[in-house]
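Architecture and fold: a report
Each chain, written out:
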Amino acid sequence: MPAFESMLNESLQLPPGLGLSTLREGMEPFFRLAATQPVSEKRTFYDTFQWTLWYNRQALYHDGSKTVLSVLSKDWIDAPLAIERSETGPGPFPSAWPDGPLRRRLARAVGLRALMPIAEIHSSTCTVDFTNADQKVVFRLDLISLFETSNQHTPYLRICHPHPLRGYHQEAAAALAQLKALGCTAIEKGPIEQNLISSGRAPAPYTLRPVYGLGPDEPCREAVRDIVRSMLSLARLQEQGIIDEIDTEFLHDYRICIRKIRSAVSLVKGVYPESYTV
């Protein structure tokens, strides 16, 4: 897609107070607007404990009728990579799913890790047609309000997703310019990321090889303490997954952490009291 057309397809974040009625007023000198009735949907998003899909820039969700793997972007929902019709959400292990593009993509990506629900986002979408003086539809956009729960009245994010129409690129550019004049801005953090941050589940890189930040002049006792504290924190992260039997990788990683702690402590038997290292 040419850069100009790509720019015309970028979603924008709506400012507070810019609803359909104020949008009509702001566009009145240039376009007349006609909107459909809002359509409500719920999407449940899934990922592994170590955010495998997130760091592969992918999103997996179920909307009540299908499971979709899509590209992850700052937009609401981006281009689908694979779709499977299903009235129930995906099972935890893609290797147990029916054979198909979705299973093949995910089984390779997540391996032995289980997929878990990470976010539930409710949306209300209406489509708005922009007509010119000749009453021709020259531009279209979706107004999307996003909520964390079904009974939430104030959306945590409102965005507009443009749909430029063939042969009307100038009108699309004019409409987008007016949207920005009305206060619409580029989306800094996407809807999924904002939802995760507000719920205290912001994605973070996962590794069993943390950077300990040891200095060349750091005393041995402090260095070992830093190593043990880091690995113990990682071990504790695995405990609930072991208790809930989510997948076998929790126990596997827990054992690695404990083994590393034992290995570090075994090297300093002359530094700590014997009762600490036996």
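Report follows, based on the coordinates. Please read these numbers as outputs of a predicted model, since none were measured by experiment.

1. Focus on the pattern of salt bridges
Summed over the entire model, instances satisfying the criterion amount to ten salt bridges. One salt bridge connects Asp 63 with Lys 66, and the closest N-O pair in it is separated by 2.5 Å. For the pair formed by Asp 63 and Lys 66, the shared burial category is buried. Arg 229 is the salt-bridge partner of Asp 226, the closest N and O atoms lying 3.8 Å from each other. Separated by three residues within a single helix, Asp 226 and Arg 229 lie in helix 7 (residues 220-243), roughly one turn from each other. For Asp 226, a relative accessible area of 17% puts it in the buried group. In this structure Arg 229 comes out as partly exposed when scored by relative accessible area, which is 49%. Each of the salt bridges in this network shares a partner with another, and the network as a whole consists of Arg 113, Asp 247 and Asp 253.

2. Some words on the packing of helix 7 against helix 8 (residues 249-266)
Working note: a packed helix pair is described by the angle between its axes plus the distance between those axes. At a closest axis distance of 8 Å, the pairing of helix 7 and helix 8 adopts a crossing angle of 160 degrees. As summarised for this structure, helix 7 and helix 8 are arranged roughly antiparallel, according to the angle between their axes. Once helix 7 is placed against helix 8, the crossing between them reads as left-handed. Facing helix 7, whose interface residues are Ile 227, Val 228, Met 231, Leu 232, Leu 234, Ala 235, Gln 238, Glu 239, Gly 241 and Ile 242, helix 8 presents Phe 250, Leu 251, Asp 253, Tyr 254, Cys 257, Ile 258, Lys 260, Ile 261, Ala 264 and Val 265. The class makeup of the residues in the contact of helix 7 with helix 8 is 15 nonpolar, two polar and three charged.

3. A short note on the pairing of strand 7 (residues 116-131)
In summary, the side chains of a regular strand alternate between the two faces of the sheet. Here four bridges tie strand 2 (residues 32-35) to strand 7, and the two strands are oriented antiparallel to one another. Residue pairing across strands places Ala 34 opposite Asp 129, the latter belonging to strand 7. Summarising the sheet, strand 3 (residues 39-47) and strand 7 pair through nine bridges and their orientation is antiparallel. Within strand 7, the residue paired with Phe 45 across the bridge is Ala 119. Across ten bridges, strand 7 lies against strand 8 (residues 137-147) in antiparallel orientation. What sits directly across from Asp 129, in strand 8, is Arg 140. The loop that links strand 7 with its antiparallel partner strand 8 comprises five residues; one of these, Gln 135, has a positive phi angle of about 65 degrees.

Scoring rules and cut-offs
- Residues numbered from 1 in each chain as written.
- Predicted model: local features only at pLDDT ≥ 70, side-chain atom pairs only at ≥ 80, totals over all residues.
- Heavy atoms only, no water.
- Salt bridge = Lys/Arg side-chain N within 4 Å of Asp/Glu carboxyl O.
- Buried < 20%, exposed > 50% of the residue type's maximum accessible area, 1.4 Å probe, protein only.
- Helix = DSSP H or I, 4+ residues; strand = E, 2+ residues; numbered from the N terminus.
- Axes fitted to C-alpha atoms, helices over the stretch in contact; angles between N-to-C directions.
- Parallel < 35°, antiparallel > 145°, perpendicular 65-115°, else oblique.
- Left-handed = near helix turned anticlockwise from the far one by under 90°.
- Contact = heavy atoms within 4.5 Å.
- Nonpolar A, V, L, I, M, F, W, Y, C, P; charged D, E, K, R; others polar.
- Pairing = 2+ DSSP bridges.

Interpretation in functional terms is not warranted from these geometric data alone.
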